[in-house]
Amino acid sequence: MHSSSARRIRRTGVIRASRTALTLALCAVLGACAGMQPKSAPQLATHPVAAPVAPDHDLLQKLLAAQFALQENDLAGAANGFAQAAALSADPAISEEATHLALAVRDWSLARHALARWQVLAPADPGVVQSRAWIALVEKRSPDAYADLAELGARSDDHGWRLIAQTLLGAPDKAVAAGLLERLATPAQLGAKESNWVA
């Protein structure tokens, strides 16, 4: 019985010693942590990485607004949005879209403005020449319309005569359009291609 009491006392002493050692070790670690100097916080950039774009110069915002207007069948709003985007973009497709929409809603001022941008970006595009002719017809400038349509007719492919047909069919003054067609559609200008005669 004496030996079991002694064992219990030894175990209790060992446990207390272990606890004391653990407490001292923990205090030493905490003391070391308390004495450490905190590292300085990383310096945050004072300038944003990407500068915000002013609403007047935000090409993406203007394209999205134009697309949403187009989806809502607001052709005038879409034409205006694409024209604003065209002024900021070097992509001739945006200017082309702005021009076509402005012509469709008969906003001739906007059409001239968008066409001027398109012509700078893609001067050889036959659509530019067709749009110039269309605007000239609306503004009753038959000689200018004839010159543009004759330029389309002189193309070596079939595309030019299709553009001529589209333009003359959409002309507001059908008598002027018929007169222009008569001047343009000569055997010498139509050539031997049947597709030109059908266009």
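Residues numbered from 1 in each chain as written. Predicted model: local features only at pLDDT ≥ 70, side-chain atom pairs only at ≥ 80, totals over all residues. Heavy atoms only, no water.

With that settled, the discussion passes to the overall build of the protein. Across its full length, the protein carries 11 helices and 0 strands. Along the protein, from the amino end to the carboxyl end, the secondary structure elements read α-α-α-α-α-α-α-α-α-α-α. Put simply, of all contacts in the protein between residues at least 6 apart along the chain, 48% involve residues at least 24 apart. Carbon and sulfur atoms make up 62% of the accessible area of the protein, which amounts to about 13,200 Å² in all. (Helix = DSSP H or I, 4+ residues; strand = E, 2+ residues; numbered from the N terminus. Contact = heavy atoms within 4.5 Å. Areas by Shrake-Rupley, 256 points an atom, 1.4 Å probe, with all protein chains shown as cover.)

The next thing to look at is the side chain of Lys62. Mapped onto the secondary structure, Lys62 falls in helix α2 (residues 59–71). Assessed through its relative accessible area of 10%, Lys62 is described here as buried. Residues in contact with Lys62, not counting those within four places in the same chain, are Pro55, Asp56, Gly81, Gln84, Ala85 and Leu88. (Buried < 20%, exposed > 50% of the residue type's maximum accessible area, 1.4 Å probe, protein only.)

Attention now goes to the environment of Asp91. Mapped onto the elements of the fold, Asp91 is located in the loop between α3 (75–88) and α4 (92–104). With 31 residues separating them along the chain, Asp91 and Ala122 place their C-alpha atoms 9.1 Å apart.

Here we take up the pattern of salt bridges. Within the structure shown, the criterion is met by 6 salt bridges. The salt bridge partner of Arg141 is Glu139, with a shortest N-O separation of 2.8 Å. According to the relative accessible area criterion, Arg141 is partly exposed, its value standing at 31%. Residue Glu139 is classed as partly exposed on the basis of its relative accessible area, which comes to 30%. Two residues, Arg155 and Asp157, come together in a salt bridge whose shortest N-O distance is 2.7 Å. For Arg155, a relative accessible area of 30% puts it in the partly exposed group. Owing to a relative accessible area of 27%, Asp157 belongs among the partly exposed residues under this scheme. (Salt bridge = Lys/Arg side-chain N within 4 Å of Asp/Glu carboxyl O.)

The next point concerns the environment of Arg155. You can see Arg155 is positioned in the loop between α7 (142–153) and α8 (159–169). Along the primary structure Arg155 and Pro126 are separated by 29 residues, whereas in three dimensions their C-alpha atoms are 9.1 Å apart. In this view, Arg155 contacts Pro126 and Gly160; residues no more than four positions away in its chain are not counted. A distance of 2.7 Å separates a polar atom in the side chain of Arg155 from a polar atom in the side chain of Asp157. (Polar contact = N/O pair within 3.5 Å; in protein donor to acceptor, adjacent residues only side chain to side chain.)

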